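Coordinate inspection notes
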Amino acid sequence: MTFLSFGLALTALFAANNPEIVQAFLVRSGWPVQFVHYATNGVTIIIIGLILFYLANAIRVVNPRAEGRSNAAGLIVGAIAAIGVSSMDQSHLQMGLQYAGFESPADVLTFAQARTSEIVNIDWTSVVPVSSSAK
């Protein structure tokens, strides 16, 4: 849950801090230019929803009768870590990207887009499930 929350929060912070990069990415990925502002408004609504989600989980962490408090705590820790990473000095972030093999944050988006197309092209029908009685 921590890694999921870290990724969600870091993506939301990146989109909020760099709307021009998000718009350029949408245009490059095939969105019609006349509808890009609808997509950026949608991203803003998603970011507001994510903030409310984190607030609800923060309340869940402090509620002693709530179930799943450890999952909620992981979500909050991931969001706090993402805020910490996004507030780091730019030189540290650039060194981290170079360590991972990327030159810029746009390269990370390009890499993710390429991996997504590879997952889409997997032939899932060729996988034959093995039943427990066949073992």
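A short tour of the structure in this document, coming up. These figures come from a predicted structure and were not determined experimentally.

Moving on: the overall build of the chain. Secondary structure assignment for the chain yields six helices and zero strands. Here the chain holds 135 residues, and the buried ones make up 18% of them. Relative to all contacts within the chain whose residues are 6 or more apart in sequence, the contacts with residues 24 or more apart total 53%. When the accessible surface of the chain is split by element, carbon and sulfur atoms take 68% of a total near 9900 Å².

Before going further, it helps to examine the packing of helix H1 (residues 2–17) against helix H2 (residues 19–28). Running from N to C, H1 and H2 cross one another at 100°; their axes reach a closest spacing of 5 Å. For the element pair H1 / H2, the angle class is roughly perpendicular. Along the contact surface, H1 presents Phe 14, Ala 15, Ala 16 and Asn 17, while H2 presents Pro 19, Ile 21 and Val 22. The residue makeup of the contact of H1 with H2, split by class, is six nonpolar, one polar and no charged.

Put simply, H2 and helix H3 (residues 36–62) touch, their axes get as near as 10 Å, and they point 130° apart. Taken as axis vectors, H2 and H3 run oblique relative to one another. Note on packing geometry: the crossing formed by H2 with H3 is right-handed. Counting all contacts with H2, which are made through Gln 23, Leu 26 and Val 27, the residues of H3 involved are Val 36, Ala 39 and Thr 40.

The next subject is the nonpolar core. Note on soluble globular proteins: their nonpolar side chains tend to be buried together. Counting 13 residues, the largest nonpolar core has Ala 9, Leu 26 and Tyr 54 as the members making the most contacts within it. Where this core is concerned, the elements lending two or more residues are H1, H2, H3 and helix H4 (69–86). The element best represented in this core is H3, accounting for five residues. In contact with Leu 26, other than residues within four places in its own chain, are Trp 31, Val 36, Ala 39 and Thr 40.

Inspection of the entire model under this criterion finds three aromatic pairs. Their ring planes at 55° and their centres at 5.6 Å tell us that Phe 53 and Tyr 54 sit as a pair that is tilted. Judged by relative accessible area, which is 12%, Tyr 54 ranks as buried.

Within the secondary structure, Thr 40 sits in helix H3. Relative accessible area serves as the criterion here: at 16%, Thr 40 is assigned to the buried category.

Looking now at the environment of Gly 78. Among the structural elements, Gly 78 can be located in helix H4. Spatially, the C-alpha atom of Gly 78 lies 4.9 Å from that of Ser 5, the residues being 73 residues apart in sequence. With residues near it in sequence (within four places) discarded, Gly 78 still touches Thr 2, Ser 5 and Phe 6.

Here is what the cut-offs are and how they apply
Residues numbered from 1 in each chain as written. Predicted model: local features only at pLDDT ≥ 70, side-chain atom pairs only at ≥ 80, totals over all residues. Heavy atoms only, no water. Helix = DSSP H or I, 4+ residues; strand = E, 2+ residues; numbered from the N terminus. Buried < 20%, exposed > 50% of the residue type's maximum accessible area, 1.4 Å probe, protein only. Contact = heavy atoms within 4.5 Å. Areas by Shrake-Rupley, 256 points an atom, 1.4 Å probe, with all protein chains shown as cover. Axes fitted to C-alpha atoms, helices over the stretch in contact; angles between N-to-C directions. Parallel < 35°, antiparallel > 145°, perpendicular 65-115°, else oblique. Nonpolar A, V, L, I, M, F, W, Y, C, P; charged D, E, K, R; others polar. Left-handed = near helix turned anticlockwise from the far one by under 90°. Core = buried A, V, L, I, M, F, W, Y, C linked by side-chain atoms within 4.5 Å. Phe/Tyr/Trp six-rings, centres within 6.5 Å; stacked < 30°, edge-to-face > 60°.

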